Amino acid sequence: MRISAYIFLSLAVLSCSSPPNKELVYDSSWEFKKAGTEKFSPASVPGVVHTDLLANGAIEDPYRDNNELALQWIENENWEYTSTWEVGNDLLRNDHIELHFEGLDTYAVVLLNEKSILEANNMFREWRVDVKDILVEGSNRISIQFTSPINKNKELVENHPYQLPSGNETVDLKVSPFTRKAAYQFGWDWGPRFVSMGIWRPINICTWNEARILDLAVSTKSIRNETALLEVEVLIESDISGEHILELDGVQHKIDLNSGTNTFQFDITIHQPRLWWPNGYGVATLHQMDARLLIDGNPIDQKAQKYGIRTIELINEPDSIGTSFFFKINNQPIFVKGANYIPQDIFPSRVTSTSYRNLIAKVVEANMNMLRLWGGGIYEDNLFYELCDENGILVWQDFMFAGSMYPKEEAFRNNIQQEVEDNIRRLRSHPALALWCGNNEIDVAWHNWGWQQQFGYSAQDSTELWQNYLQIFHEDLPNLVKGLTPNLPYVTTSPLSNWGKAENFNHSSMHYWGVWHGREPLENFNHNVPRFMAEYGFQSFPGLEILSNYIDSSQLHLESEVINNRQKSYIGNEMITRISEEHFGPSDSFEDYVLKSQQTQTLAMETAIKAHRLGKPHCMGTLFWQLNDCWPGPSWSVLQYDSSPKLAYETVKKWYQPVVAIPKREGTSVLFTVVSDRPEPILVKLIVDLLDDMGEAFSTAEVFFEIGPNEIIEAYRIDIAGAGYNVQLVAGEEAIFTDSGDFASLQ
Ligand code: BMA
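Residues numbered from 1 in each chain as written. Predicted model: local features only at pLDDT ≥ 70, side-chain atom pairs only at ≥ 80, totals over all residues. Heavy atoms only, no water.

Trainee: Describe the sheet that holds strand 34 (residues 724-731), naming the residues involved and giving the relevant values.
Mentor: Across the sheet, which stays open at both edges, the 4 strands sit in the order 32-31-34-35 with antiparallel pairing between neighbours. The strands lining the two open edges of the sheet, one partner per strand, are strand 32 (697-707) and strand 35 (734-742). Put simply, the sheet's adjacent strands are angled 15 degrees from each other on average, direction ignored. Bridge analysis of strand 31 (residues 682-691) against strand 32 gives 10 bridges, and the strand direction is antiparallel. Note that in strand 32 the partner of Leu 690 across the bridge is Ser 699. (Pairing = 2+ DSSP bridges. Helix = DSSP H or I, 4+ residues; strand = E, 2+ residues; numbered from the N terminus. Axes fitted to C-alpha atoms, helices over the stretch in contact; angles between N-to-C directions.)

Trainee: With reference to specific residues and values, describe the packing of aromatic side chains.
Mentor: Enumeration according to the criterion identifies 48 aromatic pairs in this entry. Ring centres of Tyr 356 and Phe 384 lie 6.3 Å apart, and the angle between their planes is 80 degrees; this geometry places the pair in the edge-to-face category. Residue Tyr 356 is located in helix 5 (residues 353-365), and its partner Phe 384 is located in helix 6 (residues 382-391); the two are separated by 28 residues in the primary sequence. Residue Tyr 356 is classed as buried on the basis of its relative accessible area, which comes to 5%. Judged by its relative accessible area of 0%, Phe 384 falls in the buried class. Taking the centre distance of 6.3 Å and the plane angle of 35 degrees together, the rings of Phe 624 and Tyr 656 count as tilted. On the criterion of sequence distance, the pair formed by Phe 624 in strand 28 (residues 621-624) and Tyr 656 in the loop between helix 15 (647-655) and strand 29 (659-666) is long-range, its members being 32 residues apart. Taking the relative accessible area as the measure of exposure, Tyr 656 reaches 0% and is therefore buried. Following the ring pairs from residue to residue traces out a cluster consisting of Tyr 162, Phe 401, Tyr 406, Trp 446, Phe 455, Tyr 457, Trp 466, Tyr 469 and Phe 473. We note Arg 350 situated over the ring of Tyr 63; from NZ or CZ to the ring centre the distance is 5.1 Å. Taking NZ or CZ as reference, Arg 566 lies 4.1 Å from the ring centre of Trp 631, over its face. (Phe/Tyr/Trp six-rings, centres within 6.5 Å; stacked < 30°, edge-to-face > 60°. Buried < 20%, exposed > 50% of the residue type's maximum accessible area, 1.4 Å probe, protein only. Lys NZ or Arg CZ within 6 Å of the ring centre and 35° of its normal.)

Trainee: Explain the pattern of salt bridges to me, and be specific about the residues and the numbers.
Mentor: Working definition: two side chains of opposite charge can pair if their charged atoms are close together. For the coordinates displayed, the defined rule picks out 38 salt bridges. A salt bridge links Arg 180 to Glu 419, with the shortest nitrogen-to-oxygen separation between them at 2.8 Å. Of this pair, Arg 180 sits in the loop between helix 4 (149-159) and strand 10 (203-208) while Glu 419 sits in helix 7 (residues 410-427), and the two are 239 residues apart along the sequence. A single burial state applies to Arg 180 and to Glu 419, both of which are buried. One network of salt bridges, in which partners are shared, links Asp 215, Glu 233, Glu 421, Arg 425 and Arg 428. (Salt bridge = Lys/Arg side-chain N within 4 Å of Asp/Glu carboxyl O.)

Trainee: Requested: an account of the confidence of the model for the protein, with residues and values cited.
Mentor: Put simply, the protein has an average pLDDT of 96, and 98% of its residues get 70 or more. Across residues 1-16, where pLDDT falls below 50, the model places 36 contacts with residues more than four positions away in sequence or in other chains. (pLDDT = per-residue confidence, 0-100. Contact = heavy atoms within 4.5 Å.)

Trainee: Which residues make up the nonpolar core, and what are the values?
Mentor: Membership of the largest hydrophobic core comes to 231 residues, with the highest contact counts inside it found for Trp 85, Leu 104, Ile 144 and Phe 384. For this core, the leading source of residues is helix 10 (residues 459-484), giving 9 residues. Look past the residues within four positions of Trp 85 in its chain and what remains in contact with it is Tyr 26, Ser 28, Leu 91, Ile 97, Leu 99, Val 131, Leu 135, Gly 138, Ser 139, Asn 140, Ile 142 and Ile 205. (Core = buried A, V, L, I, M, F, W, Y, C linked by side-chain atoms within 4.5 Å.)

Trainee: Report on the side chain of Asp 461, specifying residues and quantitative values.
Mentor: Within the secondary structure, Asp 461 sits in helix 10. Within the buried core, Asp 461 has no salt-bridge partner, and the shortest N-O distance to an opposite charge, that of Lys 408, equals 9.2 Å. Ignoring any residue separated from it by four or fewer positions in sequence, one finds Asp 461 in contact with Tyr 162 and Gly 456. (Lys, Arg positive; Asp, Glu negative; His and termini not counted.)

Here it is, written out as structure tokens:
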């Protein structure tokens, strides 16, 4: 049995002869079968039906050619997983033996020795069941019966008084608003539809006696005068009562335990703390808090929690322009540079730790300091947040709601609340966590996308739907956030301001989709600069190397059925074709088309990022759509399915550097503006070479100046002469930025 978080007492000086508290991964082997059939086949946990069918050779690769279409039958079947658990007397000596399910996808009845122990109905929740009374010495059988979300919700959807809008779901029977499951798996405009089922996250066996530490959370309340005030919350589950001791980093605190669940809060002062900073602003220092529970003087449980010391504020308030939207970390305003992240696979259980590491390494290398975890995906694996903590990558965490309205039934609401609580508890100590956001685009959709007409809602339906929206995103979620993470900001939705009107660019966060969904030219990025750009982007095709791994060469052309099915945006290839022809001319082959799509995306990203950085401090952040892919197909990503970069990646990396010199054409001259995101003043030398037709420098100018923290300086204006320029920024002896270009192509 593999040992994961091994809560283990080396001292093990226990009163009576109770074994120590432990947490082990359940790793007995599993089998699965289609419900109603006889034959079981080997299964992997974590995993899902599709990946198990694939591993058994029962289906072809879902990503190959048009297998997506051929494999839709899987979502309509029910499935069963089973495992035999050999239990020894040692285990049975514990007072509590708990199965901890980190994630079941989605409708699952769990039976232990033929007895129902759990009915799960939410992919995002964790489930804990004490099975001590059911277990026997020797063989125990666990069986998990998964009901297809389609079968489960068919009647509910058909009998619902009105249709609920449903993200990008492409089929007629739209169950996703009724199903607490990753929305993108029902189909999205950059990914396939695969409605998975299975044990998608590990199962653990937790044993404990007398009492245990169930949760340990650390957050920073304030940092003043070189002193940090931390808030530590400890959740203890106990069979006993009375005065006992909780040790935090070796310091003993008396606690009054009651039988049941106990929550204790402590304020801890740290002098001259080493702070946690985002990438580009300092070191992302991590600390560890060690908690130990002593019952009658004997240590019976311990838990460690990594944390960072930092404060976070979202300044989202009226100002002289309109409404600000920026982050302050440790009181320092941060210019956010990053991207929107989607799950790395349609089957997230098969994403390896290497993929997580590679991806975050690419994020750091590209000078990013924030990722937005978009609400149509999943609350990510712990490793994702750990890597963000270590690398200073702030996390904007959407709750998992996107592009839909939801049923108003009490049971559904309770289910959501439990999901939100589980995930806040799991994630709240990560210093990377910067913002909770209620949902993706539901507010703008309700007010601008014409759902009322599209779905024929009566005035009463509309009132009911909107009231329910307010209940979830303006009441329930913020109340939970306030109670469980009072030191983190919350916004109800992203964006807070819609891109339709010019005035809206003065207010809060925005998703600017004029380019692409509004079919506007790339140049429009230049004058559509909001206070915080939370989404914008341009599609391109993945490179032929990766496409040809999955698609037969006979299908590698624009009109083929396979390529057609890969393009999931309702706009199709229209924008790529039109805009790439405008800038790079017609393409003469599919390969050339792919290349030009990437060149066009590169130009789009460069234009937008330059405009956002020049827009500081009006604009205080830029998160492009989208960082990565969940399969090999055309999308707005800059990293492909295998994490390899598209052309636009290098451009993002270049224009996200902390200090850049941005050229702008003004009639017959060019103005170089230097933008610094550095937290301290620096002395820089700007060197501009003018180049002739052959690329030879015929004149050089140098300007020295100091640039302050977060400052923008119009550093040098030059009359156009020759064909192009080289520009360099030097700090001390080090070249910190270089760029070159033609005057003819400058905007
Ligand atoms: C944004 C996102 C996604 C979508 C993307 C591209 O609005 O929130 O829903 O995939 O646009 O259309």
